[in-house]
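Observations on chain architecture
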Amino acid sequence: MGTGDDQVRDVGRELGPGFGVGEGYAWYRGVSPGGSVHRHAAFQLVLAPRGEAVLAGADGGIVRGAALLVPPMTAHRMLSAGDLLTVFVEPHSALADRLRGRCGSGSGIVAVPELRRLDEAELDRAAALPSAGLDPRLLAASALLEGPEGVEERVPMDVVAARVGLSPQRLRALARQQLGMPLARRRIWLKLRRSAEALGEGRSPAEAAAAGGFADQAHLTHRMREMIGMTPAAVLRVLPASAAGAPGDVHRNGPGDG
C-alpha cells in the first residue's frame, strides 16, 4: 500500500478537512476531539500526516504512532489530537486481507508505520475488490444482506444461511471465526454506510437517518457514535457549505470541493 517513492501522493497530507464514502471504505479528515470507548465492524486506519495519532485500548493502555491500525470489534477510544485521517475499511474487501496480515496474533491496536503513506489509486482499487481470504460462502452471505443495488435486504439469517448452503449455526461460527463478529454487525454497517453517503451529499442528519433505515436522527446518532466514535454533527462540521460534489472522492478537499 505505502511506498517510499516521492511520486506516491499521500492521502490527507496536504488537504484540509473532509469526509467521504468510497467503494469498500469511508474516510474522515479533521481534528480529533477525543471520544468514548467504541468498537466497529470495519478495520480502522488512523494516520497522522504530521506528528502522531494517539489511541487508548480497552485496558486504558496508550498506543502512539504515525499510523495505527484497529481490527474490527476492538474496543478503543480516540484521544484528542491534531489533524488526522481516519479510514474505515470494510472487512470483506481485498484491502482488509492486507490489514489482517498486519494485525498479528493479538486483537489490539497495532502501530503500522509502513502505512503512513497511502497510494490513493491502490486504496481505491484494493478496497473495491472482494476478499480472497474469506470463505466464499461468507462473502455470498454478506452479498445477500446488501442486495444487488447496495441496499440492505431484510432477509432473515436462517434464509441467508440456507441460500449459501450452511446451517445458521455454521454461518454464525464462520462469521465469528473469520470476521471476529456476527453478521448482524454487517447489517448495521450497511445502514451506517448509506447514512454516511447521504451526509456526504449534503443531506440533513434527519434525512440521512431515513436514508439508512434508522428510526430517527437520535437512533442514527447513537449507532454512529457506538460504531465509529463519531456523530452526524461531527461529520457535518468538516463538510463544505455546498456538498454537491462526489462524496466518495478521497482525492479532493471534501464533497463538493472544486
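Relevant structure appears above.
Residues numbered from 1 in each chain as written. Predicted model: local features only at pLDDT ≥ 70, side-chain atom pairs only at ≥ 80, totals over all residues. Heavy atoms only, no water.

A few points about the environment of Val70
Basically, it comes down to this: Strands are runs of DSSP state E lasting at least two residues, helices are runs of H or I lasting at least four, and both sets are numbered from the N terminus onward. We call two residues contacting when some pair of their heavy atoms lies within 4.5 Å.
Summarising the element assignment, Val70 is placed in strand S6 (residues 67–70). Dropping the residues within four chain positions of it, Val70 is found in contact with Ala42, Phe43, Gln44, Leu55, His76 and Ile109.

A short note on empty space enclosed by the protein
Threshold: Cavities and pockets are defined on a 1 Å grid built over the protein atoms alone: a cavity is a set of grid points where a 1.4 Å probe fits but cannot escape, while a pocket is an open set with protein on both sides within 12 Å along at least five of seven lines, and lining residues are those with an atom within 4 Å of any such point. Grid points are joined across faces, edges and corners, and a volume is the space filled by probe spheres set on the points. Ten residue types, Ala, Val, Leu, Ile, Met, Phe, Trp, Tyr, Cys and Pro, are classed as nonpolar, four, Asp, Glu, Lys and Arg, as charged, and the remainder, Gly among them, as polar.
In the structure shown here, the tally under the stated rule is 2 cavities of 30 Å³ or more. Lining the largest cavity, in full, are Phe19, Val21, Ala26, Tyr28, Phe88, Trp189, Leu192, Arg193, Ala196, Met224, Ile228 and Met230. Within the residue set of the lining of the largest cavity, elements represented by two or more residues are strand S1 (18–22), strand S2 (25–32), helix H6 (183–200) and helix H8 (217–228). Among the elements that line the lining of the largest cavity, the one with the most residues is H6, at 4 residues. Considering only residue class, the lining of the largest cavity consists of 11 nonpolar, no polar and 1 charged.

Comments concerning the sheet that holds S2
Formally: One bridge is not enough; two strands pair if DSSP finds at least two bridges between them.
Across the sheet, 6 strands lie side by side as S1-S2-S8-S3-S6-S9; this open sheet has antiparallel pairing. In this open sheet, the two edge strands, each paired with only one partner strand, are S1 and strand S9 (110–111). Across 5 bridges, the pairing between strand S3 (residues 43–47) and strand S8 (residues 81–89) is antiparallel. When the bridges of S8 are listed, Phe43 appears paired with Val89.

Some points on the nonpolar core
Threshold: Only buried residues count toward a nonpolar core. Its members are Ala, Val, Leu, Ile, Met, Phe, Trp, Tyr and Cys residues joined through side-chain atoms within 4.5 Å. Residue burial is assigned from relative accessible area. The probe radius is 1.4 Å, only protein chains are included, and a residue is buried under 20% of its type maximum, exposed over 50%, and partly exposed in between.
Core analysis: the largest hydrophobic core is formed by 42 residues, its most contacted members being Phe19, Leu171 and Leu183. At the level of elements, S1, S2, helix H3 (136–146), helix H4 (157–163), helix H5 (168–178), H6, helix H7 (205–212) and H8 are the ones that each hand at least two residues to this core. Ignoring anything within four residues of it in the chain, the contact list for Leu171 reads Leu138, Ala141, Met157, Val160, Ala161, Leu166 and Leu183. One finds Phe43, Val112, Ala126 and Ala127 within the second-largest nonpolar core, a separate group that totals 21 residues.

Quick look at the environment of Val160
Within the fold, Val160 resides in helix H4. Between the C-alpha atom of Val160 and that of Ala141, which follows or precedes it by 19 residues, the distance is 5.9 Å. With residues up to four places along the chain from it excluded, the contact list for Val160 reads Ala141, Leu144, Leu145, Val155 and Leu171.

So, unusual backbone geometry
The backbone of Met73 shows a phi angle near 65 degrees, a positive value even though the residue is not glycine. The topology assignment puts Met73 in the loop between S6 and strand S7 (76–78). With relative accessibility at 18%, the residue Met73 sits in the buried group.

Quick notes on helix H2 (residues 120–128)
Rule in force here: Read the arc as the range of directions from the helix axis to the C-beta atoms.
By the burial criterion, the buried members of H2 are Glu120, Glu122, Leu123, Ala126 and Ala127. Taken down its axis, H2 places every buried residue within 155 degrees of arc, on the same side. In the core, the buried residues of H2 are packed alongside S2, S8 and helix H1 (94–100).

Quick word on the packing of aromatic side chains
As a reminder, the rule being used: Pairs were defined over the aromatic rings of Phe, Tyr and Trp, the Trp ring being its six-membered one, requiring ring centres within 6.5 Å. Orientation was assigned from the angle between planes: stacked under 30 degrees, edge-to-face over 60, tilted for the rest. Geometrically, a lysine NZ or arginine CZ counts as sitting over a ring once it is within 6 Å of the ring centre and also within 35 degrees of the ring normal.
Evaluated as defined, the whole model comprises 1 aromatic pair. Above the plane of the ring of Phe214 lies Lys191, whose end atom (NZ or CZ) is 4.7 Å from the centre.

Focus on the pattern of salt bridges
Formally: Salt-bridge detection follows one rule: a side-chain nitrogen of Lys or Arg within 4 Å of a carboxyl oxygen of Asp or Glu.
With the rule as written, the count across this model stands at 7 salt bridges. Of the charged contacts, one joins Glu90 and Arg186 as a salt bridge, the two residues approaching to 2.5 Å between their closest N and O atoms. Residue Glu90 is found in the loop between S8 and H1, and its partner Arg186 is found in helix H6; the two are separated by 96 residues along the sequence. No difference in accessibility class separates Glu90 from Arg186, as the two residues are buried. Of the charged contacts in the structure, one is a salt bridge between Glu226 and Arg223, with a shortest N-O distance of 2.6 Å. Here the residue Glu226 and the residue Arg223 both occupy positions in helix H8, the gap between them amounting to 3 residues, near one helical turn. Under the relative-accessibility criterion, Glu226 is labelled partly exposed at 29%. A single salt-bridge network, built from bridges that share partners, covers Glu90, Arg186 and Arg193.

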